[in-house]
Amino acid sequence: QVQLVESGGGLVQTGGSLRLSCAASGRTESIYAMGWFRQAPGKEREFVARINWSVSSTNSADSVKGRFTISRDNAKNTVYLQMNSLKPEDTAIYYCAARAAGSFGYNYWGQGTQVTVSS
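Residues numbered from 1 in each chain as written. Predicted model: local features only at pLDDT ≥ 70, side-chain atom pairs only at ≥ 80, totals over all residues. Heavy atoms only, no water.

### What about the sheet that holds strand 8 (residues 78-83)?
Each strand in a sheet pairs with another by means of backbone hydrogen bonds, the pair being arranged parallel or else antiparallel. Strand order in the open sheet made by the 4 strands is 1-3-8-7, with antiparallel pairing throughout. Looking at which strands have only one partner, the edges of the open sheet turn out to be strand 1 (2-7) and strand 7 (68-73). Here the average twist between neighbouring strands, direction ignored, is 20°. Of the strand pairs in this sheet, strand 7 and strand 8 are connected by 6 bridges, and their pairing is antiparallel. Residue pairing across strands places Asp-73 opposite Thr-78, the latter belonging to strand 8. (Pairing = 2+ DSSP bridges. Helix = DSSP H or I, 4+ residues; strand = E, 2+ residues; numbered from the N terminus. Axes fitted to C-alpha atoms, helices over the stretch in contact; angles between N-to-C directions.)

What follows is the structure, given as structure tokens:
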């Protein structure tokens, strides 16, 4: 089992920055990749960014490209999401997720952290 705990959410103004953290525990040796997703009220959960655990390759959604950066610290079993130039449409609950080795889907999910961007 892998447990994920997000932190770093909060209230910021348009154009501000926020850094989210996701700490993993349990069988972290099974993690192949980690990603960030977000969900606004009444909306479907959408992909934000992901990073492979070993090779550190990344990709992100077009809506956040150039503004959000995903990174990792394997020694701390932690993934970060640096969010810059925040917009009101970025307001959502942000979830951390982990993909197990040998899987093409995300197997583990955190409880989420709220990000609110005021206009």
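Picking up where we left off.
### A closer look at the packing of aromatic side chains
All chains considered together, the criterion is met by 4 aromatic pairs. Ring geometry for Phe-37 versus Phe-47: centroids 5.7 Å apart, planes at 75°, classification edge-to-face. Here the residue Phe-37 occupies a position in strand 4 (residues 31-39), and Phe-47 occupies one in strand 5 (residues 46-52), the gap between them amounting to 10 residues. Owing to a relative accessible area of 27%, Phe-47 belongs among the partly exposed residues under this scheme. When the ring of Phe-37 is compared with that of Tyr-106, the centres are 5.1 Å apart and the planes differ by 80°; the resulting orientation is edge-to-face. Of the two residues, Phe-37 sits in strand 4 while Tyr-106 sits in the loop between strand 9 (92-100) and strand 10 (108-109), which places them 69 residues apart along the sequence. (Phe/Tyr/Trp six-rings, centres within 6.5 Å; stacked < 30°, edge-to-face > 60°. Buried < 20%, exposed > 50% of the residue type's maximum accessible area, 1.4 Å probe, protein only.)

### Some remarks on the nonpolar core
In this structure, Met-34, Trp-36, Leu-81, Met-83 and Tyr-94 are the most contacted members of the largest nonpolar core, which totals 28 residues. Secondary-structure elements contributing two or more residues to this core are strand 1, strand 3 (18-26), strand 4, strand 5, strand 7, strand 8, strand 9 and strand 11 (113-118). (Core = buried A, V, L, I, M, F, W, Y, C linked by side-chain atoms within 4.5 Å.)

### Things to note about the pattern of salt bridges
With the rule as written, the count across this model stands at 5 salt bridges. A salt bridge links Arg-38 to Glu-46; its shortest N-O distance comes to 2.7 Å. Across the pair Asp-90 and Arg-67 runs a salt bridge, and its minimum N-O distance is 2.7 Å. In this pair, Asp-90 sits in the loop between strand 8 and strand 9 while Arg-67 sits in the loop between strand 6 (58-60) and strand 7, placing the two residues 23 residues apart along the sequence. Summarising the burial analysis for this pair, Asp-90 and Arg-67 share the class buried. Bridged by salt links that share partners, the residues Arg-38, Glu-46, Arg-67 and Asp-90 form one connected network. (Salt bridge = Lys/Arg side-chain N within 4 Å of Asp/Glu carboxyl O.)

What is shown is where atoms sit, not what they do.
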